[in-house]
Amino acid sequence: EDPHDGAGLTVQESKPKLKQPPRYKVLLLNDDFTPMEFVVYVLEAIFGMSREKATQIMLHVHTRGVGVCGVFTRDIAETKVAQVKEHARANQHPLMCTMEEA
Ligand code: NFA
């Protein structure tokens, strides 16, 4: 497209904005006190995992110190983190959850 109009003025061209929304990893952190079964329940209830997948992720976090529960848009990731923290708090477990850009 010709960037100049008939009067010799530059016409602003608009670039199509096709950028995908940034995605965020929700991370679960190990601690020495939260029961394994509670972590498995949280992964099932909040992240929709099967018992088998939840157990696998829980054991990964338990042995490696941190693990990815899923990757989401920012609003969804923030909601999941808040739900995990609230569920842990309500049950007096120190389970911690955070997020970082993928
Ligand atoms: N490390 C905890 C225990 O031995 C289990 C746990 C796993 C806690 C994953 C937090 C995250 N009871």
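What counts, and where the lines are drawn
- Residues numbered from 1 in each chain as written.
- Predicted model: local features only at pLDDT ≥ 70, side-chain atom pairs only at ≥ 80, totals over all residues.
- Heavy atoms only, no water.
- Helix = DSSP H or I, 4+ residues; strand = E, 2+ residues; numbered from the N terminus.
- Buried < 20%, exposed > 50% of the residue type's maximum accessible area, 1.4 Å probe, protein only.
- Areas by Shrake-Rupley, 256 points an atom, 1.4 Å probe, with all protein chains shown as cover.
- pLDDT = per-residue confidence, 0-100.
- Contact = heavy atoms within 4.5 Å.

Glancing now at the overall build of the protein chain. Scanning the protein chain for helices and strands turns up 3 helices and 3 strands. In the protein chain, the succession of helices and strands from N to C terminus is β-α-α-β-α-β. Evaluated residue by residue, the protein chain yields a buried proportion of 28% over its 102 residues. Split by element, the accessible area of the protein chain, about 7200 Å² in all, is 53% carbon and sulfur.

Another point: the confidence of the model for the protein chain. Confidence in the prediction for the protein chain averages 91 pLDDT; 87% of positions are at 70 or higher. Low pLDDT, under 50, characterises residues 1–6; the predicted model gives this stretch 9 contacts beyond four residues in sequence or across chains. Predicted complex, confidence summary: ipTM 0.99, pTM 0.85.

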